[in-house]
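# Observations on the three-dimensional arrangement
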Amino acid sequence: MNQSAVERRRSLHGEWTSRLGFILALAGSAVGLGNIWRFPYLAGENGGGAFVLVYLLFVFGIGLPIMLAEVLIGRRGRRNPVTTMQLLGEEEAGSSGWRVVGGLGVVTGFLILSFYSVIAGWTLAYIIESASGAFTDAGAETVGAVFNSLVGNELVTGAWHTLFMVLTVGVVVLGVEQGLERAVRIIMPALIALLLVLLGYSMTSGSFLEGVEFLFEPRFDELSANAILDALGQAFFTLSVGMGAVMTYGAYLPENESIPRSCFAVAAVDTSVALLAGLVIFPIVFANGLDPASGPGLVFQSLPLAFGQMPGGAFVATLFFVLLTFAAWTSAISLMEPAVAYFMETRGFDRPRAALLVGGTIWLLGFLTVMSFGAWSEARFWKGTWFDNIDFLSNNVFLPLGGLAIVVFAGWIMAHNSTADELDPQAGRGYRVWRWTARYVAPVAVALVLLNAVGIF
Ligand code: TRP
C-alpha cells in the first residue's frame with residue numbers, strides 16, 4: 001500500500017475548523033429526537049430499567065468502538081462512505097466490494113430521514129401549539145386530543161414535514177461546515193439547561209421516585225429478545241453510527257486531531273441528554289396516570305402536561321420545542337450528507353442539485369410515514385404499520401448490520417498500522433482496548449443480538 005497516497009488524500013468539501021468544530025458537529029448529529037423522543041418511548045415500551053441498562057452497555061461497549069472505527073475510516077478515506085469503503089477496501093484487502101457497506105448506509109440514511117423528518121414536523125407543529133397557549137392548564141385528555149388531532153391530519157403533518165425538509169436541504173446546500181458549529185454551540189447548552197429546569201419540575205411532581213425506579217431498577221425477567229434488539233438499534237441510532245454519517249463527518253476532520261477523545265465526549269453528552277429526558281418524562285407520565293408504553297406519542301403527550309402547569313409554561317414550552325427542532329435539524333443534516341457527498345463525488349452533481357435530488361426523494365418517501373400515523377394507522381403488515389416497519393428495518397436491522405461490517409473492516413481487514421496511524425500512533429493501552437473490542441466484543445455482541453432476535457440462538 002502506498003502510504004504517501006493516503007497522506008495526500010484531502011477532503012473534497014473542506015474541513016472542520018478545529019477539534020471543537022468536529023465535536024460540535026458530531027454532538028449535533030448525535031443529540032436529537034433519538035434522545036428526547038425515541039429513547040423515552042422505547043424505554044417505556046420495553047419496561048424501563050433492564051432495557052436502559054442494556055442500552056447503556058451497548059452504547060459504550062459496542063456503539064462507541066464502532067464510532068471510533070467509522071471516524072478513522074472516514075478520515076483515512078476522505079470521501080463519501082461508498083467511495084471511502086471502496087478505496088480502503090482496495091488498499092487494505094485488494095477488494096472494492098466493501099463499497100456495498102457504504103451503499104447500504106446511504107440507503108439507510110434515506111429510510112431514517114424519511115420518518116425522522118415527519119417527527120421533526122410534529123415538533124414544529126408543537127412550537128405553534130405551545131405559543132398559542134394550547135397546553136396552558138391542560139389535562140391529560142386535552143393534551144392527548146391535541147396530539148391525536150395533529151397526527152390524524154395528514155395535510156397538516158405533511159406540511160410540517162415539508163417545511164422541515166426544506167430547512168434541512170437549505171443547510172445542506174449551503175455546505176455543512178458553515179453555521180453548523182456555531183448553531184450547535186448555542187443549541188446544545190440551551191437544551192441541556194432547559195432539561196435541567198424541567199428536571200427541577202419533575203422532582204416536585206410527586207412521582208419522581210417512581211420515575212427513577214422505572215428507569216433504573218432492572219427487572220431482567222421482563223427483558224425480551226426484542227427489547228434487547230431495540231436497545232441495540234437505539235444505541236446505534238442515538239450515536240448516529242452504522243450508516244456512514246459519522247464516517248462522512250470524519251472525512252472532514254483535520255489530520256492531527258485526536259479521534260478517541262472527541263468520540264468519548266460526544267457519547268457522554270449524548271447519554272446524559274437521553275437519561276435527563278427520561279428523568280423528566282417518566283415522573284410526569286406516572287404523576288398523570290399515563291401509560292409508559294404508549295409509543296411514539298409519549299413525549300408529545302407527557303411534557304405538555306408539565307408545561308401547562310408551570311408559571312410561564314407557554315413560553316418555556318415554545319422554547320423547548322424550538323430547541324428540539326434545532327437539535328433534530330442538526331441530526332437530519334448528518335443523515336443527508338453521506339448521500340449528498342456521494343452524488344457530488346461520483347455523479348458530478350453540484351451541491352444544490354445533489355441536495356435537491358436526495359432531499360426530494362426523502363420528502364416523497366416521508367408521506368408514507370405521514371399516512372401511517374393518519375389514515376393508515378390501522379393498516380398492519382409484518383411488524384405493524386408502515387412506520388413500524390421502516391423503523392424496524394432501518395434501526396434494528398440495517399444499522400446493526402452496517403455497524404457490524406464497519407467494525408469488522410476496521411478490526412480485521414485494516415492493517416494494525418493503518419488503524420493505529422489514525423487512532424494512536426503509539427498504539428498505547430487505549431488503542432489496544434479499542435482494537436480488542438473492535439475485533440471481538442462488538443462483532444460477537446451484535447451477531448448474538450441479531451441471532452437472538454431471529455430466534456436462532
Ligand atoms: N442520532 C440522531 C438522534 O438521536 C439521529 C441520527 C442522525 C442518526 N444521524 C444518524 C441515526 C445516522 C442513525 C444514523 O436523533
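Bear in mind that the values here come from a model prediction, so they are computed numbers and not experimental data.

## Topic: the pattern of salt bridges
For the structure shown, the criterion picks out 10 salt bridges. A salt bridge links Arg10 to Glu15, with the nearest nitrogen and oxygen atoms 2.9 Å apart. Relative accessible area serves as the criterion here: at 48%, Arg10 is assigned to the partly exposed category. For Glu15, a relative accessible area of 27% gives the class partly exposed. For Glu255, the salt bridge is made with Arg78, and the minimal N-O distance between the two is 3.1 Å.

## Some thoughts on helix α14 (residues 298–309)
Taking burial as the measure, the 12 residues of α14 include 11 buried ones, the bulk of the element. Among the residues of α14, Leu298, Val299, Phe300, Gln301, Ser302, Leu303, Pro304, Leu305, Ala306, Phe307 and Gly308 are the ones counted as buried.

## Some remarks on the packing of aromatic side chains
The description of an aromatic ring pair rests on the distance of the ring centres and on the angle between the ring planes. According to the stated counting rule, one finds 34 aromatic pairs in the structure shown. Taking NZ or CZ as reference, Arg38 lies 4.9 Å from the ring centre of Phe237, over its face. If you follow Arg353 out to its NZ or CZ, it ends over the ring of Phe349, 4.6 Å from the centre.

## Some remarks on the site of the ligand
Near the ligand lie 17 residues; those nearest to it are Ala30, Gly34, Tyr116, Phe237 and Ser240. A distance of 2.8 Å separates an oxygen atom of the ligand from a polar backbone atom of Gly34. A distance of 3.3 Å separates a nitrogen atom of the ligand from a polar backbone atom of Thr238. Burial of the ligand by the surrounding chains reaches 100%, relative to a free accessible area of 360 Å². Put simply, the ligand lies in the largest cavity.

## What about a nonpolar patch on the surface?
Together, Val444, Leu448, Leu451, Val454, Ile456 and Phe457 line one region of the surface with nonpolar side chains, adding up to about 600 Å² of accessible area. Along the polypeptide, Leu451 turns up in helix α19 (residues 429–453).

## Section: empty space enclosed by the protein
Here the structure, examined in full by the defined rule, presents three cavities of 30 Å³ or more. In this structure, the largest cavity spans a volume of roughly 130 Å³. Lining the largest cavity are 15 residues, with Ser29, Ile112, Phe237, Ser240 and Leu335 sitting closest to its centre. Those elements that place two or more of their residues in the lining of the largest cavity are α2 (19–30), α6 (99–131), α11 (225–239) and α15 (313–347). Ranked by residue count, the leading element in the lining of the largest cavity is α15, at three residues. Partitioned by chemical class, the residues of the lining of the largest cavity number 10 nonpolar, five polar and no charged.

## What about the environment of Tyr126?
Position of Tyr126 relative to the elements: it lies in helix α6. Overall, the relative accessible area of 0% leaves Tyr126 in the buried class. Once residues lying within four places of it in the same chain are set aside, the contact partners of Tyr126 are Phe135, Val146, Phe147, Leu150, Phe300, Pro304 and Phe321. Polar contacts involving the side chain of Tyr126 include one to the main-chain carbonyl oxygen of Phe300, which spans 3.3 Å.

## Digging into the confidence of the model for the protein chain
Segments scoring low in pLDDT should not have their predicted coordinates read at a detailed level. Counting all residues, the mean pLDDT for the protein chain is 94, and 98% of those residues have values of 70 or more. In this model, residues 1–5 is a region of pLDDT below 50 whose contacts with residues beyond four sequence positions or in other chains number six contacts.

## Here's the deal with unusual backbone geometry
With a phi close to 65 degrees, Ser240 is a non-glycine residue in the positive phi region. The topology assignment puts Ser240 in the loop between α11 and α12 (245–250). For Ser240, a relative accessible area of 11% gives the class buried.

## Some details on the packing of helix α4 (residues 49–77) against helix α17 (residues 386–413)
Direction vectors running N to C along α4 and α17 enclose 65 degrees, while the axes themselves pass 9 Å from each other. In terms of axis orientation, α4 runs roughly perpendicular to α17. In this structure, α4 crosses over α17, and the sense of that crossing is left-handed. In this structure, α4 uses Ile66, Ala69, Glu70 and Ile73 to contact α17, whose residues at the interface are Gly403, Ile406, Val407, Phe409 and Ala410. In the contact of α4 with α17, the residues fall into seven nonpolar, one polar and one charged.

## Things to note about α15
Taking 1.5 Å of rise per residue, 35 residues should cover 51 Å, and α15 covers 50 Å from first to last C-alpha, within 8% of that figure. If you look at α15, its biggest bend is around 35 degrees, right at Glu337, and the proline Pro338 turns up within four residues after that. Most of α15 is tucked away: 27 of the 35 residues are buried. Of the residues flanking the end of α15, it is Gly348, one or two places downstream, whose phi is positive at about 70 degrees.

## A word on the environment of Asp270
Mapped onto the elements of the fold, Asp270 is located in helix α13 (residues 259–287). For Asp270, a relative accessible area of 0% corresponds to the buried category. Considering only alpha carbons, one finds Asp270 and Arg432, 162 residues apart in sequence, at a separation of 25 Å. Apart from the residues within four sequence positions on either side, Asp270 is in contact with Ala30, Val31, Asn35, Tyr55, Thr238 and Leu239.

## Some remarks on the side chain of Ser240
A distance of 2.8 Å separates the side chain of Ser240 from the side chain of Ser29, its partner in a polar contact. The residues contacting Ser240, other than those within four sequence positions of it, are Ser29, Ala30, Ala245 and Val246.

## What to know about the nonpolar core
Of all hydrophobic cores here, the largest spans 168 residues; its most connected members are Trp37, Ile73, Trp122, Phe320 and Met336. Residue contributions to this core peak at 19 residues, all from α15. When near neighbours in sequence (up to four residues on either side) are disregarded, Ile73 contacts Thr84, Met85, Leu88, Met247, Ile406, Phe409, Ala410 and Met414.

## Some thoughts on the side chain of Ser302
Its location among the elements puts Ser302 in helix α14. Overall, Ser302 belongs to the buried group, its relative accessible area being 0%. A polar contact of 2.8 Å, which involves the side chain of Ser302, links it to the backbone oxygen of Leu298. Aside from chain neighbours lying at most four places away, what touches Ser302 is Ile281, Ile284, Val285 and Leu290.

Calculation rules
Residues numbered from 1 in each chain as written. Predicted model: local features only at pLDDT ≥ 70, side-chain atom pairs only at ≥ 80, totals over all residues. Heavy atoms only, no water. Salt bridge = Lys/Arg side-chain N within 4 Å of Asp/Glu carboxyl O. Buried < 20%, exposed > 50% of the residue type's maximum accessible area, 1.4 Å probe, protein only. Helix = DSSP H or I, 4+ residues; strand = E, 2+ residues; numbered from the N terminus. Phe/Tyr/Trp six-rings, centres within 6.5 Å; stacked < 30°, edge-to-face > 60°. Lys NZ or Arg CZ within 6 Å of the ring centre and 35° of its normal. Near = heavy atom within 4 Å. Polar contact = N/O pair within 3.5 Å; in protein donor to acceptor, adjacent residues only side chain to side chain. Areas by Shrake-Rupley, 256 points an atom, 1.4 Å probe, with all protein chains shown as cover. 1 Å grid on protein atoms, 1.4 Å probe; cavity = no way out; pocket = protein on both sides within 12 Å on 5 of 7 lines; lining within 4 Å. Sits in = over half its atoms within 2 Å of the grid points. Patch = residues over 30% accessible without salt bridge, like charges linked within 9 Å, V, L, I, M, F, W, Y side chains within 5 Å. Points joined across faces, edges and corners; volume = space filled by probe spheres on them. Nonpolar A, V, L, I, M, F, W, Y, C, P; charged D, E, K, R; others polar. Contact = heavy atoms within 4.5 Å. pLDDT = per-residue confidence, 0-100. Axes fitted to C-alpha atoms, helices over the stretch in contact; angles between N-to-C directions. Parallel < 35°, antiparallel > 145°, perpendicular 65-115°, else oblique. Left-handed = near helix turned anticlockwise from the far one by under 90°. Expected span 1.5 Å × (residues − 1). Bend = angle between axes of the 7 residues up to and from the residue. Core = buried A, V, L, I, M, F, W, Y, C linked by side-chain atoms within 4.5 Å.

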